[in-house]
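An overview of the molecular structure
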Amino acid sequence: MKSPRNISSKTLKCDVAILGGGLAGGLIALALRRKRPELEVLLIEESASLGGNHIWSFFGPDVAGEHRWLVAPLVCHGWRGYDVKFPGHERGLEESYYSILSDRFDAYLREAIPAHNIVTGVRALAASQTNVVLENGARIEAGGVIDARGGGNVRHLRCGWQKFMGQMLHLSEPHGLTRPIVMDATVEQIDGYRFVYCLPVSPMEIFVEDTYYSDTSDLDTQALSARISAYADSKGWQVERVSRTETGALPVVYGGDFGGYWQSTGGDVAKAGTRAALFHGLTGYSLPDAVRLAAHIAEMPDLSGAALAEMSRKTSLDHWQADGFYRMLTKMLFKAAGPDERYRVLERFYTLPDGLIARFYAGKSTLLDKMRVLAGRPPMPIWRAIRGLFS
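The present account deals with the structure reproduced in this document. Keep in mind that what you see is a predicted model, and the values were worked out from it rather than measured. (Residues numbered from 1 in each chain as written. Predicted model: local features only at pLDDT ≥ 70, side-chain atom pairs only at ≥ 80, totals over all residues. Heavy atoms only, no water.)

The helix and strand inventory of the protein stands at 12 helices and 17 strands. Its C-alpha radius of gyration of 21 Å places the protein within 12% of the 21 Å reference for a compact globule of 391 residues. Taking the principal axes of the C-alpha coordinates as reference, the protein spans close to 60 × 50 × 40 Å. Looking at the protein as a whole, 54% of its 391 residues qualify as buried. When the accessible surface of the protein is split by element, carbon and sulfur atoms take 50% of a total near 16600 Å². Placing the 44 positive and 43 negative side-chain charges of the protein at their respective mean positions leaves the two points 4 Å apart. (Helix = DSSP H or I, 4+ residues; strand = E, 2+ residues; numbered from the N terminus. Rg over C-alpha atoms; globule rule 2.2 N^0.38 Å. Buried < 20%, exposed > 50% of the residue type's maximum accessible area, 1.4 Å probe, protein only. Areas by Shrake-Rupley, 256 points an atom, 1.4 Å probe, with all protein chains shown as cover. Lys, Arg positive; Asp, Glu negative; His and termini not counted. Charge placed at Lys NZ, Arg CZ, Asp CG, Glu CD.)

Before going further, it helps to spend a moment on unusual backbone geometry. Within the chain, Asp191 stands out as a residue other than glycine whose phi angle is a positive 60°. On the secondary structure map, Asp191 appears in the loop between strand 13 (181–184) and strand 14 (193–202). One non-glycine residue, Ala277, lies in positive phi territory at about 60°. Structurally, the position occupied by Ala277 is in the loop between strand 17 (270–271) and helix 6 (287–299).

Looking at the element boundaries, Ser286 is found in the loop between strand 17 and helix 6. Ignoring anything within four residues of it in the chain, the contact list for Ser286 reads Leu23, Thr274, Leu278 and Phe279. (Contact = heavy atoms within 4.5 Å.)

Time to look at the nonpolar core. One recurring pattern in soluble globular proteins: nonpolar side chains tend to sit buried together. Ranked by internal contacts, the top residues of the largest apolar core, which has 53 residues, are Leu32 and Ile297. It is helix 1 (residues 23–35) that contributes the most residues to this core, 8 residues altogether. Two domains each put at least three residues into this core: domain 1 (11–75 + 99–154 + 256–323) and domain 2 (156–254). Sequence-distant contacts of Leu32, defined by excluding residues within four places in its chain, comprise Val16, Ile18, Pro37, Leu39, Val41, Ile297, Ala298 and Leu303. (Core = buried A, V, L, I, M, F, W, Y, C linked by side-chain atoms within 4.5 Å. Domains from an automatic or database assignment.)

Bringing helix 3 (residues 102–112) into the picture now. Where helix 3 is concerned, the buried positions are Ser102, Phe105, Asp106 and Leu109. Looking down the long axis of helix 3, one finds its buried residues gathered within 95° of arc, a one-sided arrangement. Where helix 3 is buried, its residues contact helix 1, strand 2 (41–45), strand 3 (55–59), strand 7 (97–101), strand 8 (118–120) and strand 16 (239–256). (Arc of directions from axis to C-beta.)

Turning to the layout of surface pockets, a few remarks are in order. Volume-wise, the second largest pocket comes out at about 310 Å³. Along the walls of the second largest pocket sit 19 residues, with Asp289, Arg292, His319, Ala362 and Gly363 positioned nearest its centre. Listing elements by their share of the lining of the second largest pocket, those giving two or more residues are helix 6 and helix 7 (305–322). For the lining of the second largest pocket, the per-class residue count stands at 8 nonpolar, 5 polar and 6 charged. A domain split of the lining of the second largest pocket shows at least three residues from each of domain 1 (11–75 + 99–154 + 256–323) and domain 3 (337–388). (1 Å grid on protein atoms, 1.4 Å probe; cavity = no way out; pocket = protein on both sides within 12 Å on 5 of 7 lines; lining within 4 Å. Points joined across faces, edges and corners; volume = space filled by probe spheres on them. Nonpolar A, V, L, I, M, F, W, Y, C, P; charged D, E, K, R; others polar.)

Moving on to the packing of helix 1 against helix 3. At their nearest, the axes of helix 1 and helix 3 sit 10 Å apart, and the two run at 30° to each other. Compared by their axis directions, helix 1 and helix 3 come out roughly parallel. Remark: the crossing between helix 1 and helix 3 carries left-handed chirality. In this structure, helix 1 uses Leu23, Gly26, Leu27, Leu30 and Arg33 to contact helix 3, whose residues at the interface are Phe105, Tyr108, Leu109 and Ala112. A class-by-class count of the residues in the contact of helix 1 with helix 3 yields 7 nonpolar, 1 polar and 1 charged. (Axes fitted to C-alpha atoms, helices over the stretch in contact; angles between N-to-C directions. Parallel < 35°, antiparallel > 145°, perpendicular 65-115°, else oblique. Left-handed = near helix turned anticlockwise from the far one by under 90°.)

Here the idea is simple: oppositely charged side chains can pair when their charged atoms come close. On inspection of all chains with the given rule, the structure shows 16 salt bridges. Here Asp83 makes a salt bridge to Arg179, at a shortest N to O gap of 2.9 Å. Placement of the pair is Asp83 in strand 5 (residues 82–85) and Arg179 in the loop between strand 12 (157–171) and strand 13, with a sequence separation of 96 residues. Among the residues examined, Arg179 registers a relative accessible area of 18% and is labelled buried. Across the salt bridge formed by Arg179 and Glu94, the nearest N and O atoms sit 3.2 Å from each other. With Arg179 in the loop between strand 12 and strand 13 and Glu94 in the loop between strand 6 (90–93) and strand 7, the pair connects residues that are 85 residues apart, well separated along the chain. Overall, Glu94 belongs to the exposed group, its relative accessible area being 55%. Several salt bridges converge on common partners, so that one network encompasses Asp83, Glu94 and Arg179. (Salt bridge = Lys/Arg side-chain N within 4 Å of Asp/Glu carboxyl O.)

Under the definition given, this model contains 21 aromatic pairs. Considering the side-chain rings of Phe349 and Phe360, the 4.7 Å spacing of their centres and the 55° angle between planes classify their relative orientation as tilted. Residue Phe349 is found in helix 9 (residues 342–349), and its partner Phe360 is found in helix 10 (residues 354–361); the two are separated by 11 residues along the sequence. Neither residue differs from the other here; Phe349 and Phe360 are each classed as buried. An aromatic cluster is present here, built from Phe59, Trp79, Tyr82, Phe86, Tyr97, Phe325, Tyr326, Phe349, Tyr350, Phe360 and Tyr361 joined pairwise through their rings. Just above the ring of Trp262 sits the side chain of Lys271; from NZ or CZ to the centre is 4.1 Å. The cationic tip of Arg327 hangs over the ring face of Trp320; the distance from NZ or CZ to the ring centre is 4.0 Å. (Phe/Tyr/Trp six-rings, centres within 6.5 Å; stacked < 30°, edge-to-face > 60°. Lys NZ or Arg CZ within 6 Å of the ring centre and 35° of its normal.)

Following this line, the structure appears as structure tokens:
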């Protein structure tokens, strides 16, 4: 199984088959390899590489201490704090921040998992709880199947979009940053709430991402590339070359039909990642939930297709219900604030205590946190916020 052509027209048997070698699927495969090495696990990915073309970043509290073993080998860069900038104020926070690059993700998975357990370059056509059919004619008979092949049908969700283009810039002189700028909202507000995100990966390299909380998922890549170039110019950075470009559009959800979304990718098979709606309602980020799910699966005594499916649906439904507060805030952001006013919501948010902000991103806000977020002088008229909630 070193290459797809070696498995054509064969029937393979394994304990667990994971469809999709992105973040969610790859973490599950790693967790099972570490905790359950006796199992035969197949990781099947449609493209040639694992993880795609991504940079995943997370705050230290996003990953519980007992789960750090899973992500620590994947981290490429780490910082002891980060900064945010808004028209009205700037602030430095001392929370740790980490980044994982997809090329490191791919390399580590191939180091940790035997080559015969990774199948790339072949697409899964159909899946049940215990069987998978691949496009090259091969069939997989598994004790259990987990589907992590990306999101379901977003028509079942009411959402806005966090869309972006990021570029790794190689400079002729040092950029001078010692830690990330997670949000620079001092830039012109275009197409909703816009901010620039900067990761200083080395003194001469910086990843710059132009990000929008927008009503549409459309990306004008030429315009975004020009804006990244203009941002670099405004900082006095002389760009010698661009070594990677990443684009994406993440749903930021404020409502919808969970059951319809779940059924849109088949209701009987265990799911993971965005396919299971395991992402933060306001940020769209899925890494914290992907880590928790992978660690949980590795501890399950029963990895049959039926047990995995039952666990998956319950986990996803519990998350959907617990995420209601974040969906409410998303609705206020998109329905109560005009596109050019949305930055004011985040500007006020970043005046709140450090611990509250950390728990918010980890999806672990306490009742007191929630009251604090909603209390005080709102950044928009209260009548408009109330109207937005019921629209």
